[in-house]
Amino acid sequence: MKDSKLLHTCSILLLFLLLLPGCRSGDEVMTIRLWEFPRWREGDELDRFVWIKRQTSEFEAAHPGVKIELTELTWDRGQDKIRIATVAGLGPDIVSGSLPVEYIEAGLVEPIDDYLTPEDRKDYYPAALKAYTYKGRHWGWPWLLTGQMLFLNLDIFKERGVEPPCEQESGVRSQESEENPQSAIRNPQSTHWTYEEFVAKMKAMTFDSDQDKRIDTFGFGFTVTPGTTDIWPFLYMDGGQALSDDLSQYTFEEPPGVSGLNRLRDLVHTYRVSSPESGGLKTTDLWQAFAKQRRIACAPWGIWAIPALRFDEAKKAKGLTEDDFFDFTVVPYPTGKSGQPLTFIGVSGFIVFKQPDPARRDMCMTLAKFLTSGQNQKALSAYGVFPTRASAGNLYPDDPYMTKAAKILQNGITVPAHPDWAKIDETIQRQIQLAVLGEKSGAAALADAGAEVRTVLSQCLKITAGLRQTGLWERAGNYLYLFLFLAGAFILWIGLKMRDINESARFAYSAISPAVLIFAVFLAFPVCRAFLLAFQEYEIGGPILGNWVGIGNFQSLAKNEVFWKSLKNTLIYTAFTVPINVLIALILASLIHPLSNRMRTFFRAAYYLPHVTSVVVISMVWRWLFDYNYGLLNQVLTGLGLEGLHWLTDVHLALGSIIGSSLLYTPGGPIIIYLAALAAIPSSLHEAARIDGAGAIRRWWNITIPLLRPTTLFLLVTTSIASFQVFAQVLILTDGGPGYATSVLVHRIYTTAFRDFDFGLASAMALILFVVIMSISIVQFKVFRKEWEY
């Protein structure tokens, strides 16, 4: 009896401890959560957060009672972490970034207008404040300004006897422009070259450097990557633009936009000055080709590339020499019919999230303003970017590279400030990938993108207004919540009735209650919540229960070509990988089983060892193997006198390449399971068959395989589930591209949820994936299940 009461007490205490974090009272010390990305190193320090740590310590010393809690983000997944934490209600108070339109629309960001003094407005450069302006208000404290431009490898220009574009004077420089390069915006003096001049020079830069009758050095290199603006100046050069000025209409498919895309496409297919892989390359691939391998003469980069490419004392101290670097310069993009070179600029600053407490809001604004003060912006010279305040002064008075960069940014523009720009950008750039790879014409690609973009533009937030049937579905949703509440109350009542059951049963229930509680909180509840989200329109910052849309999400998916493409790719991947991997495991296990115990142990460990290695690491190795210019596979093909293949950038080969990499990833787990099953088969059956004259292959076919049928069923089900959930390989190798050639369901779910913030639609996809996996598993059970086994 005492033991039972003790278990009851422990269970209640565990529940209290689990709920305790949500019941804390406010601390006397005001803690401000600051999330920041890695920036620059100082001296020999490897820590890229040294500057921000020093500033927060200084702020804490000046404001007793305030504690800054710094969270260090990464560039790879930092934005995803911010989104996930914000949705969970655990986001930062202050975070660095560009204009967060989606957060603003959700009501999660504080405007700064009431904290901008007249001195601040005068001190900030107009372009910086404009970058944080949305619907007539300012939503962040601008900190740094950067932008895209073209970098030229002057060593290649000199080798080919080609003159880089000349600087053209277009006015007398004022005293202000001498003091501050940013003022060149008002006194332009920069390099201009037309598209035709650009093409002529790039042709001269494209050649076969090792005389193997294969072009290996290209004049111009670029990538088509969602979320970047490297190629957009070409798309805009003839007057095209993605959206109308009021952001309500898609306008890229008009003649100026098509003309711009055709100019970019011609660099690959007409003039052949860019690699045919350009549409499928990643940014890291291009950087390796330009900065390390030096087989690209011209490429677009941000200002950050200037200190990365420049040889200085810091690099000399690390043992590097001038031979490790090359002479370079920066120039603007070529001009088109508009007559002016364009570039896209980016302004980053500190955004303050919604603060219900006025005192806390004031302190957050004070911290953000402190971090972006003119005095603190002087440190940006170590980062190779421009300040946003005039009071920071000229950070690069004797730096010719940064002076040229400042001139180039005079025509800088920003991407449209649309709440769903991330989704629009991905749609457009996926179609541009197909155009650049030669799968579509420029007009067809932009027209196909328009069909999807118009759907996005016509939506009210995420779900089409016509699909929202609030009356019926709100009532149905409320009834569902009522049912769940009553079910919970019933379970609680059962718990209270435990007093009436016998002692042994009460002890058993008490013993398992902690595990059941953890299961309910961390598994059952998330699964139920995801199921409900499939029938809701969930908005960031909106009601926690969401808005009921019934089958609206499923109706959207029925019309979504990308979803059907992803489902088809997933089915193809599963259809190839599952039976082949299971067959390979069966054959290898059958060959290993007759060996001695020592040899079986060796092969068991050898085949399972690759599974200890991270899938990400394996995928990175395969990415090197698939490299068009230096990958091992193409090196072998070239050695055999064959033409190398575009393994990851050819629309028709990319999915097959991923399937091939999965097939060659030895199925160590299934081999272990098959070996265990083989050991359970009575040896007398094989001996009797041998006496009857059956050979090894016949015994294997008629005895081993039938008796392994239950094991095969298990492996088919488990490997099918794993194959339907393929994600890491696709993310690392192709990120779903080129176009949507390798997009699979889990990658699409991830993109929809954490890049587009459409959690309702992502949950609907997840529910469909569950149904598909369940259906296939049932079919497998029907076909392979037997009532007997060994």
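Note that the structure is a prediction, hence the values are computed from the model and not measured.

1. Re the overall build of the protein chain
Consideration 1: In terms of regular secondary structure, the protein chain is built from 34 helices and 16 strands.
Consideration 2: With 790 residues in all, the protein chain has 48% of them scored as buried.
Consideration 3: For the protein chain, the share of sequence-separated contacts (at least 6 apart) that also reach a separation of at least 24 residues comes to 73%.
Consideration 4: Of the roughly 38500 Å² that the protein chain leaves accessible, carbon and sulfur atoms contribute 62%.

2. Concerning the environment of glutamine 410
Consideration 1: Along the chain, the position of glutamine 410 falls in the loop between α17 (400-408) and β14 (412-413).
Consideration 2: Expressed as a C-alpha distance, the spacing of glutamine 410 and proline 341, which sit 69 residues apart in the sequence, is 9.2 Å.

3. Focus on a nonpolar patch on the surface
Consideration 1: Taken together, the side chains of Trp624, Leu632, Val636, Leu640 and Leu642 define a hydrophobic patch exposed on the protein surface, amounting to about 520 Å² of accessible area.
Consideration 2: Within the element layout of this structure, valine 636 appears in helix α26 (residues 632-639).
Consideration 3: The exposure class of valine 636 is partly exposed, given its relative accessible area of 44%.

4. Re the packing of helix α23 (residues 561-592) against helix α28 (residues 668-679)
Consideration 1: Their axes nearest at 8 Å, the elements α23 and α28 cross at an angle of 50°. Classed by the angle they form, the pair α23 and α28 counts as oblique. In terms of crossing hand, the pair formed by α23 and α28 is right-handed. Here Val582, Ala585, Leu586, Leu588, Ala589, Ser590 and Ile592 of α23 lie close against α28, whose contacting residues are Pro670, Ile671, Tyr674, Leu675 and Leu678.
Consideration 2: Each residue belonging to the contact of α23 with α28 can be placed in one class, and the counts come to 11 nonpolar, 1 polar and no charged.

5. Concerning the pairing of strand β11 (residues 328-331)
Consideration 1: In β11, alternate side chains face the same way, and those of Phe328 and Val330 on one face and Thr329 and Val331 on the other are all buried.
Consideration 2: As paired elements, strand β6 (residues 141-153) and β11 share 4 bridges and run antiparallel to each other. The residue bridging leucine 150 from the neighbouring strand is valine 331, located in β11.

6. Section: the pairing of strand β1 (residues 30-36)
Consideration 1: As paired strands, β1 and strand β2 (residues 66-72) are joined by 7 bridges and run parallel to one another. Residue pairing for β2: tryptophan 35 is matched across the bridge by threonine 71.
Consideration 2: Note on the crossover from β1 through helix α2 (residues 50-62) to β2: the handedness is right-handed.
Consideration 3: Here β1 pairs with strand β3 (residues 94-97) via 2 bridges, running parallel. Residue pairing in the sheet places leucine 34 in a bridge with isoleucine 94 of β3.

7. What to know about helix α27 (residues 654-663)
Consideration 1: Where burial is concerned, most of α27 is hidden: 8 out of the 10 residues are buried.
Consideration 2: Buried residues of α27: Ala654, Leu655, Ser657, Ile658, Ile659, Ser661, Ser662 and Leu663, and no others.
Consideration 3: As for α27, its buried residues are in contact with α23, α25 (615-625) and α32 (728-733).

8. Digging into the packing of aromatic side chains
Consideration 1: Taken as a whole and judged by the stated rule, the model has 37 aromatic pairs.
Consideration 2: Judged by centre distance (5.4 Å) and plane angle (35°), the ring pair of tryptophan 232 and phenylalanine 252 falls under tilted. Placement of the pair is tryptophan 232 in helix α10 (residues 232-236) and phenylalanine 252 in the loop between α10 and α11 (255-269), with a sequence separation of 20 residues. In this pair, the class of tryptophan 232 matches that of phenylalanine 252, namely buried.
Consideration 3: The rings of Trp193, Phe198, Phe220, Phe222, Phe234 and Tyr333 are connected pair by pair, giving a single aromatic cluster.
Consideration 4: Against the face of phenylalanine 207 rests arginine 160, its NZ or CZ located 4.1 Å from the ring centre.
Consideration 5: The positively charged end of arginine 389 is found above the aromatic ring belonging to tyrosine 124, 4.1 Å away from the centroid.

9. Thoughts on the pattern of salt bridges
Consideration 1: What the rule picks out here adds up to 21 salt bridges.
Consideration 2: Among the salt bridges present, the one from lysine 135 reaches glutamate 105, with a minimum N-O distance of 2.9 Å. Here lysine 135 is found in the loop between β4 (133-134) and β5 (137-138), whereas its partner glutamate 105 is found in helix α4 (residues 101-105), with 30 residues between them in sequence.
Consideration 3: A residue is classified by how much of its surface remains accessible, and glutamate 105, at 32% relative accessible area, is partly exposed.
Consideration 4: Salt-bridge contacts for aspartate 113 lead to arginine 137; the nearest nitrogen and oxygen are separated by 3.8 Å. Placement of aspartate 113 in the loop between α4 and α5 (118-123) and of arginine 137 in strand β5 is noted, with a sequence separation of 24 residues between them.
Consideration 5: Salt bridges sharing common partners tie together Asp120, Asp123, Lys369 and Arg389.

10. Concerning the nonpolar core
Consideration 1: The biggest cluster of nonpolar side chains holds 100 residues, and the ones touching the most others in it are Phe151, Phe290, Ile306, Leu309 and Phe386.
Consideration 2: Considering each element in turn, this core owes the most residues, 9 residues, to helix α34 (residues 759-784).
Consideration 3: Counting 50 residues, the second-largest nonpolar core is a separate cluster that includes Trp232, Ala435, Val436 and Val453.

11. Considering the packing of α23 against helix α31 (residues 709-724)
Two numbers describe a pair of packed helices, the interaxial angle and the distance between the axes.
Consideration 1: In the contact formed by α23 and α31, the axes pass within 9 Å of each other and the chain directions differ by 145°. Considering the relative orientation of α23 and α31, their crossing is right-handed. Note on element contacts: α31 touches α23 through Thr712, Leu715, Leu716, Thr719, Ser720, Ser723 and Phe724, opposite Thr570, Leu571, Tyr573, Thr574, Thr577, Val578 and Val582.
Consideration 2: Grouping the constituent residues of the contact of α23 with α31 by class yields 7 nonpolar, 7 polar and no charged.

12. Let's talk about α25
Consideration 1: Among all positions in α25, only Ser619, Trp622, Arg623 and Leu625 are buried. Seen along its axis, α25 keeps its buried residues to an arc of 155°; they face one direction.
Consideration 2: Residues of α25 that are buried make contact with α12 (283-292), α26, α27 and α32.
Consideration 3: Its side-chain oxygen placed 3.1 Å from the backbone nitrogen of valine 616, serine 614 serves as the N-cap of α25.

13. Notes on the side chain of glutamate 36
Consideration 1: Mapped onto the fold, glutamate 36 is located in strand β1.
Consideration 2: By relative accessible area, glutamate 36 is classed as buried at 1%.
Consideration 3: Of note is the side chain of glutamate 36, whose polar atom sits 2.4 Å from the side chain of serine 96.
Consideration 4: Non-local contacts of glutamate 36, meaning those with residues more than four positions away in its chain, are made with Phe49, Ile52, Leu70, Thr71, Glu72, Leu73, Ser96, Trp143 and Phe350.

14. A few points about the side chain of threonine 56
Consideration 1: Mapped onto the elements, threonine 56 comes out in helix α2.
Consideration 2: Every residue in contact with threonine 56, bar those within four places of it in the chain, is listed here: Leu34 and Ile68.

15. Some thoughts on unusual backbone geometry
Consideration 1: Here glycine 737 and proline 738 are connected by a cis peptide whose omega angle stands at -10°.
Consideration 2: If you trace the backbone, proline 738 turns up in the loop between α32 and α33 (745-754).
Consideration 3: Phi angles above zero are rare outside glycine, and leucine 247 is one such case at about 65°.
Consideration 4: Within the secondary structure, leucine 247 sits in the loop between α10 and α11.
Consideration 5: Its relative accessible area of 22% is what places leucine 247 among the partly exposed residues.
Consideration 6: Backbone geometry at aspartate 735 places phi at a positive 55°, although glycine is not the residue there.
Consideration 7: You can see aspartate 735 is positioned in the loop between α32 and α33.

16. Thoughts on the confidence of the model for the protein chain
Consideration 1: In the predicted model, the protein chain carries a mean pLDDT of 83, and 85% of its residues have values of at least 70.
Consideration 2: Between the elements of the protein chain, mean pLDDT differs from a low of 39, seen in helix α8 (residues 175-179), to a high of 96, seen in strand β9 (residues 218-220).
Consideration 3: Note that pLDDT drops below 50 for residues 11-26; the model gives that stretch 6 contacts with residues more than four away or on any other chain.
Consideration 4: Here residues 460-475 scores under 50 on pLDDT; set against residues more than four positions off or in separate chains, the count is 30 contacts.

Conventions adopted
- Residues numbered from 1 in each chain as written.
- Predicted model: local features only at pLDDT ≥ 70, side-chain atom pairs only at ≥ 80, totals over all residues.
- Heavy atoms only, no water.
- Helix = DSSP H or I, 4+ residues; strand = E, 2+ residues; numbered from the N terminus.
- Buried < 20%, exposed > 50% of the residue type's maximum accessible area, 1.4 Å probe, protein only.
- Contact = heavy atoms within 4.5 Å.
- Areas by Shrake-Rupley, 256 points an atom, 1.4 Å probe, with all protein chains shown as cover.
- Patch = residues over 30% accessible without salt bridge, like charges linked within 9 Å, V, L, I, M, F, W, Y side chains within 5 Å.
- Salt bridge = Lys/Arg side-chain N within 4 Å of Asp/Glu carboxyl O.
- Axes fitted to C-alpha atoms, helices over the stretch in contact; angles between N-to-C directions.
- Parallel < 35°, antiparallel > 145°, perpendicular 65-115°, else oblique.
- Left-handed = near helix turned anticlockwise from the far one by under 90°.
- Nonpolar A, V, L, I, M, F, W, Y, C, P; charged D, E, K, R; others polar.
- Pairing = 2+ DSSP bridges.
- Right-handed = clockwise from strand over helix to strand, strands pointing away.
- Phe/Tyr/Trp six-rings, centres within 6.5 Å; stacked < 30°, edge-to-face > 60°.
- Lys NZ or Arg CZ within 6 Å of the ring centre and 35° of its normal.
- Core = buried A, V, L, I, M, F, W, Y, C linked by side-chain atoms within 4.5 Å.
- Arc of directions from axis to C-beta.
- Polar contact = N/O pair within 3.5 Å; in protein donor to acceptor, adjacent residues only side chain to side chain.
- pLDDT = per-residue confidence, 0-100.

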